[in-house]
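Each chain, written out:
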Amino acid sequence: MLTVLGVVFVTATGLLVWTWAGYPLLMALLGRRAEPAASSEARATMVSAIVATRDEASVVAARVANLLDSAWPADLLEVIVAIDAGTPAERVPALEALAGDRVRVVRGDAPAGKATALNAGVRAARGEVLVFTDSQQRFEPDAVSALVAALQRDPRRAVVGGALHLPGDRPRSTRSPVEWYWAMERALRTHEARVHSTIGVSGSIYAMWRASWAPLPAGLILDDVYVPMRAVLEGRRVGYERAARAWDVRRTSAEQEQGRKVRTLTGNYQLVALLPGLLAPVRNPVWLQFVCHKLLRLLTPWLALASVLAAACMATLAWPRAVAMLLGVVLLAGVLAALVAPRVVRVARAALAWGWAANGALAQATVNGLRRRWDVWT
């Protein structure tokens, strides 16, 4: 019995350590050995910035203004606002009123969803380079220039992702767990791109050649993973440009982050259903990276549960009295902390809330994937 439990514990714990520490460390080592591409100035070309949205007009207007303030030449930058077909009818007239000399507004295709809105936006675009973003972020002035330069720098690249920053990344700010997660993601994507291609980009800031675009399937959840991974299967590469920065204007709670993660993690299951070639090492040149970066992370709550249960069972079978005493000490420590150190309790409660949100989202996404329930776009 102990032998079986030991195998379960070692396997589950080993996979967890590899997924969250070993794999990022391997990419860091390999990425540092790869020679970073020399920086270069972007050559002038027409750029279409596309915002697929169902937000209120005031939110979208602020986003459009930020894009128009870009350092990219004004006569070579247009903004396309693609109104999702599911947008409340009362918002549509105000959104359509945003159209101007450099701003075009189109209605997304039916059925509703970000993918069909993007399809309509790209059809209306005139640019050789397409830049995709969402409503709730703001580009730094040189973000578009950095994306275009990164695309032009390497002819193997079809897509280039930019760096999403959250409010906690600003100086003298305190990072939440999700902001620490994104800091780790930025580093990992940098190294993956140097090795071959980053596994997915952020939907808030990425660019691609118009010639590499193909219409997205209706109901697609993750355009920012589907588009780059389809390019990889076609023999192209996906770059990552940390100098192209977008800042999110929102801070999210653990509950809000859980809802967002349910959507994005469900999208990983949908991605495999739509692009099964990603699972074939002979077809996918970044197969190991895809498995480690995307698929093994989906197993995190189940691996953690198996590891904890196996360890608890082994300890109980080997030292039943010691385990009982330890549980008593932990319970007593919790009661004392609640009485004399309420701040410790608040910190512990917040940590538990974020942990529950992350693992709860993974579990719900697994259920969605098994049921092939993809209608989670919001």
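Residues numbered from 1 in each chain as written. Predicted model: local features only at pLDDT ≥ 70, side-chain atom pairs only at ≥ 80, totals over all residues. Heavy atoms only, no water.

**Details of unusual backbone geometry**
Then, number 1: In this chain, Ala 110 is followed by Pro 111 through a cis amide linkage whose omega measures 0 degrees.
Then, number 2: Here Pro 111 shows up in the loop between β3 (103–107) and α4 (114–124). (Helix = DSSP H or I, 4+ residues; strand = E, 2+ residues; numbered from the N terminus.)

**A look at the sheet that holds strand β8 (residues 237–248)**
Then, number 1: With mixed pairing, eight strands are arranged side by side in an open sheet as β3-β2-β1-β4-β7-β6-β8-β5. Edge positions in the sheet fall to β3 and β5 (137–139), since each has one partner strand and no second. Neighbouring strand axes in the sheet, compared pairwise and without regard to direction, differ in orientation by 30 degrees on average.
Then, number 2: Pairing of strand β4 (residues 129–133) with strand β7 (residues 206–209), which is carried by four bridges, proceeds in the antiparallel orientation. Looking at the pairing, Val 129 lines up with Trp 209 of β7.
Then, number 3: Along the sheet, helix α5 (residues 143–153) makes contact with β1 (47–53), β4, β5, β6 (157–165), β7 and β8, crossing β6 at roughly 150 degrees. (Pairing = 2+ DSSP bridges. Axes fitted to C-alpha atoms, helices over the stretch in contact; angles between N-to-C directions. Contact = heavy atoms within 4.5 Å.)

**Overview of the packing of helix α6 (residues 177–195) against helix α9 (residues 287–298)**
Then, number 1: Across the interface, α6 lies against α9 with an axial gap of 11 Å and an inter-helix angle of 155 degrees. It follows from the interaxial angle that α6 and α9 lie roughly antiparallel. Contacts between α6 and α9 involve Tyr 181, Met 184, Glu 185, Leu 188, Arg 189, Glu 192 and Val 195 on the former and, on the latter, Gln 289, His 293 and Arg 297.
Then, number 2: By residue class, the composition of the contact of α6 with α9 is four nonpolar, two polar and four charged. (Parallel < 35°, antiparallel > 145°, perpendicular 65-115°, else oblique. Nonpolar A, V, L, I, M, F, W, Y, C, P; charged D, E, K, R; others polar.)

Such coordinate-based values are descriptive only and should not be taken to indicate function.
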